[in-house]
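Chain residues, written in single-letter form:
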Amino acid sequence: MSDICHLSLVEQARRVSVGGATATELVEAYLARIDAHEPKVRAYLLVDRDGARAAAQDLDARRARGEKLGPLAGVPIGLKDVLVTKGLATTAASRMLAGWVPTYDATVVERLRAADAIILGKQNCDEFGMGSSTENSSAHPTHNPWQPERVPGGSSGGSAAAVAAALCSASLGTDTGGSIRQPASMCGVVGLKPTYGRVSRWGLIAYASSLDQIGPLTRSVEDAALLLELIAGHDPRDSTSVDAPVPKYRAKLAGGVIAGTKIGLPREYFADGIDPAVRAAIDRCVAALRDAGAKFVELSLPHTKVALPTYYLLASAEASSNLSRYDGIRYGARVEKPGATLADVYRDSRSAGFGPEVQRRIMLGTFALRAGYYDAYYRKAQQIRTLIKRDFDAAFTQCELVLTPTAPTAAFPIGATTTPLQMYLGDVFTLACNLAGLPGLSVPAGLTPDGLPVGVQLLGRPLEELTLLKLGRAIEERCAPSPRWPSLGEEAA
Amino acid sequence: MADLTDKDVHEIAQLAMLSLEPAHAEQLRVELSAILEAMAALAAVDTEGVPPMTHAMPMDLRLRDDVVAPSLPVEVALSAAATRADDCFVVPAILGGEA
């Protein structure tokens, strides 16, 4: 499987820049793979064939004229469909936004285009990012390329599946409680949730604004480092974006040494509830890093057990507020029955436009913000959020980063998770990172005996993505799955 | 927190601007009651004197300079309007009268 579509993003851009391949060849190679495999995977909501071909021709013409191309020259990238794209329908996988064609690009999309990337299409997700399996998409579920009867994880499941199946070179997803890292784990790709504020969210359709972050899903750690470097940085249009220098993550990856690195193992993440095959893969990863000279220290993050209810309460409260704008008048598809009052239009539009999980979270969030309940639920959860952050602050006095499983299980069968609470438990290892605003990275750490990918999660201090990427690369070199990529019923991987 | 009642669900739906069919309302009542039961664990945590956290990164709200910046042309801004009249969006009447 050494075709151009499986090359790293870095190598693809290098070839296009020096003339070893054209952007048109690259785009056509991915479109051919999409034709062959997308019916099985269903990662996309929209493939922009014409736009991608036109952008590729433009790039090839610029290179023919002797222009120097950007660091993502000709690289076809997919976007989770919560990122706004000028002239390209953006739906958040919701009926509410069906048919909406934005008039502007998100900041991250502007930055990708400025680096000469090509936007290949919009990828499936749980509606408004609310879910852990991509089954909550109003369009269709996405299938895991490793075993198509299983979910790809979520909510950025279309992005993770497309990257794993080489239906795009890389993707940008979003992560509110694990929605980049958990699908990355389940699809065997690299997923990075940057520090809160590291990447501008201007042009991201909001779910829970104190938690949302945009980040890359890629086939290598180096690719993630380069993408982060290009999308990170202050943006005056996002008042929560951090005004701090952006390191040259990719260049600084070289020469990363792990001997003596102190890594924390929080005992609460290695307790009951982990699938034994996942535990075995993480144990092998720890052993490999120990052999390479890393030092491990067992520690405690005592409020881990309440992170899940804290997260779902805060995220739902913020969602109920953020999504109040979709009323059929200001935003969203309008349902207007004869004789309807304004309140009827609001209620009918929202009830028709939002799917079951979105309605559930809006109801939960509305309950928590209701007069008389605010202090007992919302404010209490905000206080516990402080305690969770303090747990990590204390942990980082003992270690440079924390290592955990990304998810308690490998990918589960489509339709197997039947209650909301059961689904929420799948995020139990990822959501504390969002509550504390930390960077988190999921790196493939092998396969289960059943052939499903397992991810290892690294959590770091704020703005220390480079530390995660360096250790992630060490894991990549030692624990990569074999075979590395799903076969999709074609040649052996 | 005891189980939610039909009345609770109805009131929350009113506040959330959702109209629920009876079967859906009952399903939500059961599901939300189970979720809230799981959230009861929060009450057991000692948060005496702990400040609430509203933002993950310490930062001050910054204001940009008060200068005119580029914005969408009117034609572009109105391109997604369901209905327009001249340079305005047309929305349903909210105080009686015609839209």
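Residues numbered from 1 in each chain as written. Chains lettered and ligands numbered in written order. Predicted model: local features only at pLDDT ≥ 70, side-chain atom pairs only at ≥ 80, totals over all residues.

Draft legend 1. Quick peek at the overall build of chain B. Broken down by element type, chain B carries three helices and two strands. Ordered by position from N to C terminus, the α and β elements of chain B give α-α-α-β-β. The C-alpha radius of gyration of chain B comes to 23 Å, more than 25% above the 13 Å expected for a compact globule of 99 residues. Oriented by its inertia axes, the alpha-carbon framework of chain B measures out at about 55 × 45 × 20 Å. Counting the 99 residues in chain B, one finds 16% classified as buried. (Helix = DSSP H or I, 4+ residues; strand = E, 2+ residues; numbered from the N terminus. Rg over C-alpha atoms; globule rule 2.2 N^0.38 Å. Buried ≥ 20, exposed ≤ 12 C-beta atoms within 10 Å, placed from the backbone.)

Draft legend 2. Inspection of the sheet that holds strand β5 (residues 190-193) of chain A at higher detail. Residues and elements named next belong to chain A. Read across the sheet, 11 strands follow the order β1-β3-β2-β4-β6-β5-β10-β11-β9-β7-β8 without closing on themselves; strand pairing throughout is mixed. Across the chains shown, the open sheet's two edge strands, defined by having one partner strand only, are β1 (44-47) and β8 (295-299). For this sheet, the mean inter-axis angle between neighbouring strands, taken without regard to orientation, is 30°. In this sheet, strand β4 (residues 170-175) lies alongside strand β2 (residues 76-80) in parallel orientation, the contact comprising three bridges. Its bridge partner lying in β4, I77 is registered against A170. The sheet strands contacting helix α7 (residues 221-231) are β4, β5, β6 (213-218) and β10 (440-447), and the helix crosses β6 at an angle near 150°. Strands β5, β9 (401-405), β10 and β11 (453-460) of the sheet are contacted by helix α16 (residues 465-479), whose axis makes an angle of about 5° with β10. (Pairing = 2+ DSSP bridges. Axes fitted to C-alpha atoms, helices over the stretch in contact; angles between N-to-C directions. Contact = placed C-beta atoms within 7 Å.)

Draft legend 3. Main features of the packing of helix α9 (residues 276-291) of chain A against α16 of chain A. Residues and elements named next belong to chain A. Two numbers describe how α9 lies on α16: the axes approach to 10 Å, and their chain directions differ by 105°. Here α9 lies roughly perpendicular to α16, going by the angle between them. Note on element contacts: α16 touches α9 through A474, I475, R478 and C479, opposite R284, C285, A288 and L289. (Parallel < 35°, antiparallel > 145°, perpendicular 65-115°, else oblique.)

Draft legend 4. Focus on the interface of chain A and chain B. Each partner contributes residues to the interface: chain A has 48 residues there, and chain B has 39 residues. Taken together, the residues of the side of chain A that touches chain B sort by class into 23 nonpolar, 13 polar and 12 charged. (Nonpolar A, V, L, I, M, F, W, Y, C, P; charged D, E, K, R; others polar.)

Draft legend 5. Structural context of the confidence of the model for chain B. Mean pLDDT for chain B: 89, with 94% of residues reaching 70 or above. Within chain B, the lowest mean pLDDT, 91, falls on strand β2 (residues 88-89) of chain B, and the highest, 96, falls on helix α1 (residues 6-15) of chain B. (pLDDT = per-residue confidence, 0-100.)

Draft legend 6. How the structure looks around the nonpolar core. All names here are of chain A. Among the nonpolar cores identified, the biggest contains 171 residues, and I77 and I118 are the most heavily contacted of them. The element contributing the most residues to this core is helix α10 (residues 307-322), with nine residues. Residues within four places of I118 in sequence aside, it is in contact with A23, V27, A52, A55, A56, G74, V75, P76 and I77. (Core = buried A, V, L, I, M, F, W, Y, C linked by C-beta atoms within 7 Å.)

Draft legend 7. Local environment of α7 of chain A. Residue and element names in this part refer to chain A. Counting buried positions along α7 gives 11 out of 11 residues, so the element sits mostly inside the fold. If you check which residues of α7 are buried, you get V221, E222, D223, A224, A225, L226, L227, L228, E229, L230 and I231. Downstream of α7 by a residue or two, G233 has a phi angle that is positive, lying close to 120°.

Draft legend 8. Representation of the packing of α10 of chain A against helix α13 (residues 375-395) of chain A. Residue and element names in this part refer to chain A. Where α10 meets α13, the closest approach of the two axes is 9 Å, and the angle between their N-to-C directions is 125°. Relative to α13, the element α10 lies oblique. Of the two elements, α10 crosses α13, and the hand of that crossing is left-handed. Residues A307, T310, L313, L314 and A317 of α10 lie in contact with α13, whose contacting residues are Y377, Y378, A381, Q382, I384, R385 and I388. Taken together, the residues of the contact of α10 with α13 break down into nine nonpolar, two polar and one charged. (Left-handed = near helix turned anticlockwise from the far one by under 90°.)

Draft legend 9. Up close: helix α2 (residues 22-39) of chain B. The end-to-end C-alpha distance of α2 of chain B, which contains 18 residues, comes to 25 Å, matching closely the 26 Å that a straight helix rising 1.5 Å per residue would cover. Three or more residues of α2 of chain B are buried, namely L28, R29, L32, I35, L36 and M39 of chain B. Projected onto a plane normal to the axis of α2 of chain B, the buried residues spread over an arc of 145° and lie on a single side. Where α2 of chain B is buried, its residues meet α10, α12 (356-369) and α14 (420-424) of chain A together with α1 of chain B. (Expected span 1.5 Å × (residues − 1). Arc of directions from axis to C-beta.)

Draft legend 10. Up close: the environment of S351 of chain A. Along the polypeptide, S351 of chain A turns up in helix α11 (residues 342-353). Here S351 of chain A falls in the partly exposed class, since 18 other C-beta atoms lie within 10 Å of it. Each C-alpha atom of the pair S351 of chain A and D327 of chain A lies 9.6 Å from the other, and the pair is 24 residues apart in sequence. In this view, S351 of chain A contacts L18 and S19 of chain B; residues no more than four positions away in its chain are not counted.

Draft legend 11. Main features of unusual backbone geometry. All names here are of chain A. Of the consecutive residues G154 and S155, the connecting peptide bond is found in the cis state with omega at 10°. Inspection of the secondary structure assignment puts S155 in the loop between β3 (118-123) and α5 (157-164). One non-glycine residue, A93, adopts positive backbone phi at about 55°. Among the structural elements, A93 can be located in the loop between β2 and α4 (107-114). Exposure remark for A93: the 32 C-beta atoms within 10 Å place this residue in the buried category. Unlike most non-glycine residues, A166 shows phi in positive territory, near 55°. Tracing the backbone shows A166 in the loop between α5 and β4. Using a count of 23 C-beta atoms within 10 Å as the deciding quantity, one classes A166 as buried.

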